[in-house]
Amino acid sequence: MWSTEAIKRLDAETVPTPMLSLPLPGLRLKDESAHPTGTLKHRLARALFRYGVACGRIREDTAVVEATGGGSAVAQAYFARLLGLRFIAVMPGEPSPARAAAVEELGGECRFVNPPLAIYDEARRLAAELNGHFMDQFAWAERAVDWQSGGLAEELFDQVRQAGGEPGWVVVGAGTGATAAALGRHIRLRGHATRLAVADPENSAYFPGWAYGVADYGTGMPSRIEGIGRPRLEAGFIPSLYDLVMPVPDAASVAAARLVREITGIAVGGSTGTNLWAACELVSRGSEVVTLIADAGPRYLGTVHDAGWAAGRGLDPRPYAAALERFLSGGPWDPPGAAGMDR
């Protein structure tokens, strides 16, 4: 059967990613940019295709449509090609050959839509027209990602155990919320003492929704940090699984992403900077912390690693870069603003 062969191909794509260290005692980075598509979304895309095939929503002749851009679109194009399926990414904004290039190189197609929030209705319409499948990662990701065995959570804890210990905290960002939910469930299932923190950028609804306990909280504003933050609380964001949600200034995310590149040579995205800034706050409290390099690639050289890009968005990373430099040199953690709050 095609479905049986498809699952075998997807299962063969499970390759562990390495754990890296920064010159800061107590902090380690799990490098998800080591995936073939350079992103943590590689795991999510694999899980979504696996779930879709297992549920019978994706068959041999199914066109797969998703409303997304960035790493999610690239990762889904990768797995569509692996299974010989047509893939169309409906992206927000004006047509951009540069944004479409990575998807098209993997055999996918791109459609651009304005206003940006119209991408979801357009993806549903297109999937219905083609008798295809709207992947809808925000609806399915949280239930598709494996949190019991064989996924990121089990791999991460196996690696830290082999290194001789268990972290006090794991820090992740939240886009769909699937990765954070999987880690939170796994921690409880295995009885780990580790606590889970979610790092959240400006404009996102996740931190205020968690802090105030408002299930339908919305900001109506898009995140400037690719891959994480949402203008509303998504179904995959499950507050009861998180010990802490930490708001991170976007300028701090930019400064921290540049620091990771300076130390490792990896051109990480802004979400990695968000993770690192929140992780440094927890390390300053005396905790051992593991966080993620969420994604990396040449495209970020023109965004978070570019002075003009940051200035054009009113972001000044210099005060945050200075705070990071002092901290990594053995000084106190004295950021320009508060990095988090306990509930």
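Every chain is numbered independently, its residues counted from 1 as its sequence is written. This being a predicted model, a pLDDT of at least 70 is required before a residue's local features are given, and a value of 80 or more before pairs of side-chain atoms are given or counted; all residues contribute to the totals for chains, interfaces and linings. Just so you know, side-chain values use all the structure's heavy atoms and leave hydrogens and water out.

Participant: Quick question: what am I supposed to make of the overall build of the chain here?
Facilitator: For the chain, the count of helices and strands is 13 helices and ten strands. The globule rule used here is 2.2 Å times the number of residues to the 0.38 power, and the radius of gyration it is set against is calculated over C-alpha atoms. For the chain, whose C-alpha radius of gyration is 19 Å, the value lies close to the compact-globule estimate of 20 Å for 343 residues. Here the C-alpha coordinates of the chain stretch approximately 60 × 45 × 40 Å along the principal axes. Per-residue accessibility, obtained with a 1.4 Å probe over protein chains only, is compared with the maximum for each type, and a residue is labelled buried under 20%, exposed over 50%, and partly exposed between these values. Buried positions account for 55% of the 343 residues belonging to the chain. Working rule for contacts: check all heavy atoms of both residues, and any pair within 4.5 Å makes them a contact. Intrachain contacts of the chain at a sequence separation of at least 6 include 72% that bridge at least 24 residues. Of the roughly 14,200 Å² of accessible surface on the chain, a fraction of 51% belongs to carbon and sulfur atoms. Numbering of helices and strands starts at the N terminus; helices are DSSP runs of H or I of at least 4 residues and strands are runs of E of at least 2. Only the protein chains shown count as covering a residue, and every accessible area follows the Shrake-Rupley method with a 1.4 Å probe.

Participant: Is there a simple way to think about the side chain of threonine 194 in this case?
Facilitator: For threonine 194, the position within the fold is in the loop between α8 (178-190) and β8 (195-200). For threonine 194, the side chain forms a polar contact with the side chain of glutamate 166, separated by 3.4 Å. Any pair of N or O atoms that falls within 3.5 Å is considered a polar contact. Within protein, one atom must be able to donate a hydrogen and the other to accept it, and sequence-neighbouring residues count only if both atoms are side-chain atoms. Within the structure, the side chain of threonine 194 is placed 2.6 Å from the backbone oxygen of proline 167, a separation counted as a polar contact. The residues contacting threonine 194, other than those within four sequence positions of it, are Phe157, Glu166, Pro167, Gly168, Trp169, Val170 and Ile187.

Participant: I would appreciate a short explanation of the sheet that holds strand β9 (residues 244-247) in the present structure.
Facilitator: Across a sheet, strands are paired by hydrogen bonds formed along the backbone, either parallel or antiparallel in direction. By the convention used here, strands pair only if DSSP detects at least 2 bridges between them. In spatial order, the strands read β1-β2-β10-β7-β8-β9; together these six strands make up an open sheet with mixed pairing. In this open sheet, the two edge strands, each paired with only one partner strand, are β1 (19-21) and β9. Taken pair by pair, the neighbouring strands of this sheet meet at an average axis angle of 30°, ignoring direction. Sheet analysis places strand β7 (residues 169-173) next to strand β10 (residues 289-293), joined by three bridges and oriented parallel. Each residue of the ladder has a partner; that of tryptophan 169, found in β10, is valine 289. Every axis corresponds to a line fitted to the C-alpha atoms, with the helix fit spanning only the stretch in contact, and the corresponding angles, defined between N-to-C directions, vary from 0 to 180 degrees. Where helix α11 (residues 270-283) meets the sheet, it contacts β2 (27-31), β7, β8, β9 and β10, and its direction lies at approximately 170° from that of β10.

Participant: Explain the nonpolar core here, please?
Facilitator: Side chains of a nonpolar character, in soluble globular proteins, are inclined to be buried together. Grouped together as the largest cluster of nonpolar side chains are 69 residues, with contacts concentrated most on Phe237 and Tyr242. If we skip the residues at most four places from it in the chain, phenylalanine 237 touches Ala174, Thr176, Gly177, Val198, Tyr206, Trp210, Tyr242 and Val245. Core analysis: the second largest hydrophobic core is formed by 33 residues, Ala73, Leu106, Met135 and Ala182 among them. What is meant by a nonpolar core is a set of buried Ala, Val, Leu, Ile, Met, Phe, Trp, Tyr and Cys residues, joined one to another through side-chain atoms within 4.5 Å.

Participant: Would you explain the confidence of the model for the chain in this entry?
Facilitator: Detailed reading of the predicted coordinates is not advisable wherever pLDDT falls low. For the chain, mean pLDDT is 94; residues scoring 70 or higher make up 98% of the total. The predictor attaches a confidence to each residue, called pLDDT, with possible values from 0 through 100. Overall, residues 338-343 carries pLDDT values under 50, and its contacts beyond four positions in sequence, including any with other chains, amount to 18 contacts.

Participant: Got a minute to help me understand the layout of surface pockets in this structure?
Facilitator: Of the pockets and cavities examined, the second largest pocket occupies roughly 490 Å³. Forming the walls of the second largest pocket are 28 residues, and the residues nearest its centre are Arg46, Ala47, Asp146, Gly150 and Gly151. Among the elements of the structure, α2 (41-54), α6 (137-144), α7 (152-162) and α8 are those that each provide at least two residues to the lining of the second largest pocket. Among the elements that line the lining of the second largest pocket, the one with the most residues is α2, at eight residues. Of the residues contributing to the lining of the second largest pocket, the split by class is 13 nonpolar, seven polar and eight charged. Using a grid of 1 Å spacing that covers the protein atoms alone, one calls a set of points a cavity when a 1.4 Å probe fits there but cannot get out, and a pocket when the set is open and has protein on both sides within 12 Å along at least five of seven lines; lining residues are those with an atom within 4 Å of a point. Grid points are joined across faces, edges and corners, and a volume is the space filled by probe spheres set on the points. Polar here means any residue other than Ala, Val, Leu, Ile, Met, Phe, Trp, Tyr, Cys and Pro, which are nonpolar, and Asp, Glu, Lys and Arg, which are charged; Gly is therefore polar.

Participant: Just to check I follow, could you spell out the packing of aromatic side chains for this structure?
Facilitator: Each aromatic ring pair is specified by the distance between its two centres and by the angle formed by the two planes. Two rings belonging to Phe, Tyr or Trp (six-membered ring only in the last case) form a pair when the distance between their centres is within 6.5 Å. Interplanar angles under 30 degrees mark stacking, angles over 60 mark edge-to-face geometry, and anything in between is tilted. In total, this model carries nine aromatic pairs according to the counting rule given. Aromatic side chains phenylalanine 49 and phenylalanine 79 sit 6.4 Å apart centroid to centroid with 40° between the ring planes, which places their arrangement in the tilted category. With phenylalanine 49 in helix α2 and phenylalanine 79 in helix α3 (residues 70-83), this pair connects stretches of sequence that are 30 residues apart. Under the relative-accessibility criterion, phenylalanine 79 is labelled buried at 0%. Between tyrosine 206 and phenylalanine 237 the ring centres are 4.3 Å apart and the planes differ by 10°, which places this aromatic pair in the stacked class. Here the residue tyrosine 206 occupies a position in helix α9 (residues 206-212), and phenylalanine 237 occupies one in the loop between α9 and β9, the gap between them amounting to 31 residues. With respect to class, tyrosine 206 is no different from phenylalanine 237; both count as buried. Of note, arginine 57 hangs over the ring of tryptophan 140, and the distance from its end group to the ring centre comes to 4.1 Å. Charge over a ring is defined by NZ of Lys or CZ of Arg lying within 6 Å of the ring centre and within 35 degrees of the ring normal. Over the face of the ring belonging to phenylalanine 138 we find arginine 230, whose NZ or CZ atom lies 3.9 Å from the ring centre.

Participant: Looking at this structure, I do not really get the environment of arginine 9. What am I missing?
Facilitator: Assignment of secondary structure puts arginine 9 in helix α1 (residues 2-11). Using a relative accessible area of 37% as the deciding quantity, one classes arginine 9 as partly exposed. For the pair formed by arginine 9 and tyrosine 78, sequence separation is 69 residues and the distance between their alpha carbons is 12 Å. If near-sequence neighbours (up to four positions away) are discounted, arginine 9 is found in contact with Leu82 and Leu83. Reaching out from arginine 9, the side chain makes a polar contact with the backbone oxygen of leucine 82 at a distance of 3.0 Å.

Participant: Looking at this structure, how should I read the packing of α7 against α8?
Facilitator: The relative placement of two packed helices is expressed as an angle between their axes plus a distance between the axes. Packing of α7 against α8 leaves a shortest axis separation of 9 Å and a crossing angle of 60°. Classified by the angle between their axes, α7 and α8 sit oblique to one another. Where α7 crosses over α8, the two elements pack in a sense that is right-handed. Counting all contacts with α7, which are made through Leu152, Ala153, Glu154 and Phe157, the residues of α8 involved are Thr179, Ala182, Leu183, His186, Ile187 and Arg190. Taken together, the residues of the contact of α7 with α8 sort by class into six nonpolar, two polar and two charged. Angles are sorted into four bins: roughly parallel if under 35 degrees, roughly antiparallel if over 145, roughly perpendicular if 65 to 115, and oblique for all others. Here is the rule for handedness: rotate from the far helix to the near one, and if that takes an anticlockwise turn smaller than a right angle the crossing is left-handed, while a clockwise turn gives right-handed.

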